[in-house]
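# Geometric and topological summary
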Amino acid sequence: MTQPSAVQVTDHLERRIRKPVDALRCIVSCGWIFVLAVAGVAASATTSGVETDIVGASQRLPHALLVVAPPLALFALLILPVALAVTELVRRQVRHLVEAVATGLLAGAAAQVANILLTRPGAARLYDAIIMSRPGASHVDALDPYLAGLVAYATMIGMAGRSAWRNGLALAVGVYAIVQLAASHTTVLSMLITLLAGRAIGLAVRYAAGSISQRPPARDIAAALSAGTMAVTAIRRMPQPPAGVAGSRHYVAATQDGGQFDVVVFDRDQQAAGAFYRLYRWVRVQGQVARNAPLSVDHTVERRALLSYATEDAGVPTPRLRTLVRVGPEAAALAFDHVEGTTLQQRNPGCSDAELGCIWDAVTRLHAHHVTHRGLTADRIVFTTDGHVMLLDPGDGDVAASDLQIHLDLAQLIAELALFVGPEKSAGLAVERVSGSELVAVLPLLQPVALARSTRKALRRRRDVLPAVRKVMLAAVPGGEVTPVQLERIRPRTLVTLVASVAAIYLLAGELARASLPGLLRSANWDWGVAALALSAVTYIGAALSLSGFVAERLNFLRTLAVQVASSFITLVTPAAVGGAALNVRYLQRRKIAAPVAVASVSVAQVVAFVLHILLLVVFAAIAGAATRSPIRPPTWAYFVVAGLLVLAGVVLAVPAGRRLVRARLSPTFGQVLPRLLEVAQHPRKLAQGIGGALLLSLAYILCLASCVAAFGGSVPVAKIGFVYLTGSAIGSIIPTPGGLGAVEAALTAGLTAAGVPGAVAVSAVLMFRLVTFWLPVPVGWAALNFLERRQDL
């Protein structure tokens, strides 16, 4: 059918578009830079061997080629950007050209700054790895500023659809690289990092500034639709996209016969949208829970068309897909029947029992045909004007769905309905509609990680909903028990801890390289070493006294002491203060203390310890400042760290969302702590025991560090050492590494050096301190943990 002569068009096209694929490619380029840098540092022998082979092969090229190629390559690298600039001027893309030139200059300047930073002593290992030279070699630039600028310039111009220009640039850069390698003016690692850095900067600027839109306008979309079976007479872009409907643009189209259609456009410039979140979900949760989605536009529209037809074939009401058309090379459009109605999200109050039954009927029919929706949120459930229930946008679902995918769909439906009609009503209806065997399979899947993103967000605000749903459903399960299901591959906190631990081990390895363990053992005065070890043991007595003091019930002191010793093994694999607290709560629960009371008691102990920590820090700072004319001078980086933390705290408190987050984190803790503290305060002996234990814990650690300093001939006032320890332990508790590994060493070493301890003595003293307080207690803690588990105390 031909397009009508006049089409009423209401459209507004963006002049510039941020392409998610640019951000994705930028991240990948930065990732490769990191990999190459790590490979160069960690496997310098291998990279040097590769470098030698490549240089040797390039030097075996014909002499005439080595003579002619350098000037030709240089000429090509100089003339190519000029030629590209001329083409941009011919196309009247002056602004685009200016942005490309500015990006090239920025990349060149960034490469030059990187060259300056790499010459600093702190980056010596990385610099030597990039230039593949031994330390102390003559200085050469690690990166090529002009080449980085050229690559960023070409990236900003854009080589898509310009195969001749792209091939010419690649050939010129390749010849230039071979010539430079043959002349030993650069290295393979330097060349690769330079190219990747230029590309990363170009992509980052292009994403931030946006690319010139190539999207087809509404008139072209109407023409493509009219070329089929629809005669479009008017098309209007919706200012706000419908909730819960995918697509980069949304239009309402009217046809000659009076029909009205919802047109969803998928633009190619958005084909990598959501890639980072999907990657995160793929890493975090099991495969069928992650709901993998295609990245390309072609596969996306084909999948959505397939799911729409499958849903309609199952007899489930859904907007009928009328046509799928290509709109040039840059977009595809799907036209659905327009539906008038109200979504569940717009209902206030929720819906009637009959309407709930209709929702369940539609989902049950869908599952009977082994099709899932996987997006059963309130904005995708519509109550039409004729009294039916319709499911919108089933494109995220599955065809030939497995039992697990069907059960995940049911879990999502139950959780979403619980938010709008109440947990008891939603769970009761689920018990009526789902068979006993399915109920046993669905119940363990009622976890936030298995639900839709919007549902998880709503459940974070209403934390009582899921437990209430589980309670009602569990009462209907024979035996009242279900087997837990592990849906997560890895938790975010575990991932952060793993990354931080790797960094910490790298820092610790550097410290050990500067002070070898055999030399440490030989040079130490072990009279002070034994004292340090004894003081380390006293810290566990202080921890046991502190916990016992803030528990109203009487605890066996030896068992409580064994739990504190066992926590030394737990902190080997958990962040500081996290594993020990969890172990204490478990121990108190095994002592027949209710879980809320156990959590409150441990929280009181931690809060009191924190307050005493701050008070001791102030006291020692005042004593250290008044008792000496040579105050502690922190390193320069410490001021930047403190300033950064203050700025971060100011930003968090200035933003309403940040204040809500802080309030949500702190309110439950203080709500538990204050009543428990008032209860303990009625027993002065208990209160004194708890506060005394916390003081003993901190003072024993301070004296232990002082003994370690004295073991290597250092002489520093105890007040200064107390200030250094309290500051370093605070930093260690912030960093999410096992036992603060790496962060504590760095903070204590810097603090002792600032307090006047010689650098070698500070490093040795900190290593001995960590040896007697962290590493030596680990096997004893492991034995204590096994002993407590055998006695069923944990």
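Residues numbered from 1 in each chain as written. Predicted model: local features only at pLDDT ≥ 70, side-chain atom pairs only at ≥ 80, totals over all residues. Heavy atoms only, no water.

## Digging into the overall build of the chain
Worth spelling out the cut-off: The helix count covers DSSP runs of H or I at least four residues long, the strand count covers runs of E at least two residues long, and both are numbered beginning at the N terminus. Computed with the Shrake-Rupley method and a 1.4 Å probe, the accessible areas treat only the protein chains shown as cover for residues.
Within the chain one finds 31 helices and 13 strands. Accessible area for the chain stands at about 39600 Å²; split by element, carbon and sulfur atoms hold 65% of it.

## Re the pairing of strand 8 (residues 331–337)
Selection criterion: Throughout, exposure labels follow a simple rule: accessible area from a 1.4 Å probe, protein chains only, divided by the maximum for the residue type, with under 20% read as buried, over 50% as exposed, and the rest as partly exposed. Strands are labelled as partners when DSSP assigns at least two bridges between them.
Of all seven residues that make up strand 8, seven are buried, and the element is covered over most of its length. Two strands pair when backbone bridges link them, and strand 6 (residues 260–267) and strand 8 are joined in this way by seven bridges, in the antiparallel orientation. Within strand 8, the position partnered with F266 by the bridge is A332. Between the end of strand 7 (residues 321–327) and the start of strand 8, which pair antiparallel, lie three residues, with G328 showing a positive phi angle near 70°.

## Considering the pairing of strand 7
With six bridges connecting them, strand 7 and strand 8 associate as antiparallel partners. By the bridge assignment, L321 is partnered in strand 8 with F336.

## Let's talk about the confidence of the model for the chain
Selection rule: Looking at any residue, its pLDDT shows the predictor's confidence there, from 0 to 100.
Residue-level pLDDT values for the chain average 80, and 81% of them are 70 or greater. The lowest-confidence element of the chain is helix 2 (residues 44–59), averaging 53 in pLDDT; the highest-confidence one is strand 10 (residues 371–372), averaging 94.

## Concerning the nonpolar core
Our working definition: The criterion is simple. A nonpolar core is a set of buried Ala, Val, Leu, Ile, Met, Phe, Trp, Tyr and Cys residues joined through side-chain atoms within 4.5 Å. Only heavy atoms matter for contacts: two residues are in contact if any of them lie within 4.5 Å across the pair.
Core analysis: the largest hydrophobic core is formed by 52 residues, its most contacted members being W360 and L446. Ranked by residues supplied to this core, first place goes to helix 14 (residues 403–421) with 10 residues. If we ignore the near neighbours within four places in the chain, the residues touching W360 are L410, L413, I414, L417, L429, A430, R433 and V434. With 33 residues, the next largest nonpolar core counts L616, V716, L726 and V761 among its residues.

## Digging into the pattern of salt bridges
Convention followed: A side-chain nitrogen of Lys or Arg and a carboxyl oxygen of Asp or Glu constitute a salt bridge if their distance falls within 4 Å.
Tallied over the full model, the rule gives 23 salt bridges. A salt bridge links D269 to R215, with the shortest nitrogen-to-oxygen separation between them at 3.0 Å. Here R215 lies in the loop between strand 3 (211–212) and helix 9 (218–226) and D269 lies in the loop between strand 6 and helix 10 (275–284), a separation of 54 residues in the sequence. The same class applies to D269 as to R215, namely buried. Close ionic contact of D396 with R304 constitutes a salt bridge, the shortest N to O distance being 3.1 Å. Here R304 lies in helix 12 (residues 297–313) and D396 lies in the loop between strand 12 (389–391) and strand 13 (398–399), a separation of 92 residues in the sequence. Look at R304 and you get buried, because its relative accessible area is 12%. Linked by salt bridges that have partners in common, E14, R215, R237, R249, D267 and D269 make up one network.

## Some points on the packing of aromatic side chains
As a reminder of what qualifies: Paired rings are identified among Phe, Tyr and Trp, the last through its six-membered ring, by centres lying within 6.5 Å, and are further divided according to the angle between planes into stacked (under 30 degrees), edge-to-face (over 60) and tilted (the rest). Two conditions define a charge sitting above a ring: the NZ of Lys or the CZ of Arg must be within 6 Å of the ring centre, and it must be within 35 degrees of the ring normal.
Applying the stated rule across the entire model yields three aromatic pairs. Here the aromatic rings of Y701 and Y725 are separated by 5.6 Å at their centres, their planes lie at 20°, and the arrangement is stacked. In this pair, Y701 is assigned in helix 27 (residues 684–711) and Y725 in helix 28 (residues 718–734), connecting sequence segments 24 residues apart. Relative to F769, the ring of Y725 has its centre 6.1 Å away and its plane inclined at 70°; by these criteria the two rings are edge-to-face. Of this pair, Y725 sits in helix 28 while F769 sits in helix 30 (residues 759–775); the two residues are 44 residues apart in sequence, bridging distant segments of the chain. When its relative accessible area of 10% is taken as the criterion, Y725 is described as buried. Judged by its relative accessible area of 2%, F769 falls in the buried class. These aromatic residues form a ring-pair network of at least three members: Y701, Y725 and F769. Lying across the ring of F383, R347 places its NZ or CZ 4.3 Å from the centre.

## What about helix 14?
Quick reminder of the rule: Expected span of a helix: the number of residues minus one, times 1.5 Å.
For helix 14, spanning 19 residues, the distance from its first C-alpha to its last is 27 Å, which sits close to the expected 27 Å at 1.5 Å a residue. Burial of helix 14 is extensive: 16 of the 19 residues sit out of reach of the surface. G422 sits one or two positions beyond helix 14 and adopts a positive phi of about 100°.

## Some details on a positive patch on the surface
Threshold: Here, patches come from residues exposed beyond 30% relative accessible area and free of salt bridges, joined within 9 Å for like charges and within 5 Å for nonpolar side chains (Val, Leu, Ile, Met, Phe, Trp, Tyr). Within this scheme the basic residues Lys and Arg register as positive and the acidic residues Asp and Glu register as negative, but His and the chain ends are omitted. All charge positions are set by atom: Lys at NZ, Arg at CZ, Asp at CG, Glu at CD.
Together, K457, R460, R461 and R463 make up a region of like positive charge exposed at the surface. As for its placement among the helices and strands, R463 is situated in the loop between helix 17 (453–461) and helix 18 (465–475).

## With respect to helix 6 (residues 145–157)
When the terminal C-alpha atoms of helix 6 are compared, their 18 Å separation across 13 residues agrees well with the 18 Å that a helix rising 1.5 Å per residue should span. Most of helix 6 sits inside the fold, with 11 of its 13 residues counted as buried. For helix 6, the full list of buried residues reads L147, A148, G149, L150, V151, A152, Y153, A154, T155, M156 and I157. Among the residues trailing helix 6, G158 stands out with phi positive, at a value near 95°.

## Considering the sheet that holds strand 9 (residues 341–343)
Working definition: the strands of a sheet are paired by backbone hydrogen bonds and lie parallel or antiparallel to each other. Counted only if it meets this: What counts as an axis is a line fitted to C-alpha atoms, over the stretch in contact for a helix, and the angles between N-to-C directions run from 0 to 180 degrees.
Pairing is antiparallel across the open sheet formed by three strands, whose spatial order is 9-11-12. Edge positions in the open sheet fall to strand 9 and strand 12, since each of these has one partner strand only. Strand-to-strand, the axes of this sheet are offset by a mean angle of 30°, without reference to chain direction. Sheet topology places strand 11 (residues 381–384) next to strand 12; three bridges connect them, and they run antiparallel. Each residue of the ladder has a partner; that of I381, found in strand 12, is L391.

## Considerations on a nonpolar patch on the surface
Where nonpolar side chains cluster on the molecular surface, the patch consists of V28, W32, F34, V35 and V38 and spans about 500 Å² of accessible area. With respect to the helices and strands, the residue V38 is situated in helix 1 (residues 20–42). Looking at V38, the relative accessible area reads 40%, which means it is partly exposed.

## So, the packing of helix 14 against helix 18
This is how the line gets drawn: Should the near helix be turned counterclockwise from the far one by less than a right angle, the crossing is left-handed, whereas a clockwise turn marks it as right-handed. Here the term charged refers only to Asp, Glu, Lys and Arg, the term nonpolar to Ala, Val, Leu, Ile, Met, Phe, Trp, Tyr, Cys and Pro, and the term polar to all other amino acids, Gly among them.
It is the contact of helix 14 with helix 18, at a shortest axis distance of 10 Å, that shows an interaxial angle of 115°. The two elements helix 14 and helix 18 cross, and the hand of that crossing is right-handed. Between helix 14, through I414, A415, A418 and L419, and helix 18, the contact on the second element is made entirely by V465, L466, V469 and M473. A breakdown of the residues in the contact of helix 14 with helix 18 according to their chemical character gives eight nonpolar, no polar and no charged.

## Quick notes on the packing of helix 22 (residues 557–570) against helix 31 (residues 777–790)
Test applied: In these notes the angle categories are as follows: under 35 degrees is roughly parallel, over 145 is roughly antiparallel, 65 to 115 is roughly perpendicular, and the rest is oblique.
At a closest axis distance of 7 Å, the pairing of helix 22 and helix 31 adopts a crossing angle of 125°. In terms of axis orientation, helix 22 runs oblique to helix 31. In this structure, helix 22 crosses over helix 31, and the sense of that crossing is left-handed. Residues R559, A562, V563, V565, A566, S568, F569 and I570 of helix 22 lie in contact with helix 31, whose contacting residues are P777, V778, V780, G781, W782, A784, L785 and L788. Its residues assigned to classes, the contact of helix 22 with helix 31 comprises 13 nonpolar, two polar and one charged.

## Digging into the sheet that holds strand 1 (residues 8–10)
Strand order in the open sheet formed by six strands is 1-4-5-6-8-7, and the pairing between neighbours is mixed. Here the strands that pair on one side only, and so sit at the sheet edges, are strand 1 and strand 7. Taken pair by pair, the neighbouring strands of this sheet meet at an average axis angle of 20°, ignoring direction. Direction of pairing for strand 5 (residues 249–255) relative to strand 6: antiparallel, over a ladder of six bridges. Residue pairing for strand 6: A254 is matched across the bridge by Q260. Strands in contact with helix 9 are strand 1, strand 4 (232–237), strand 5, strand 6, strand 7 and strand 8; relative to strand 7, the strand with the most contacts, it is inclined by about 120°. Across the face of the sheet, helix 12 comes into contact with strand 6, strand 7 and strand 8 while running at roughly 170° to strand 7.

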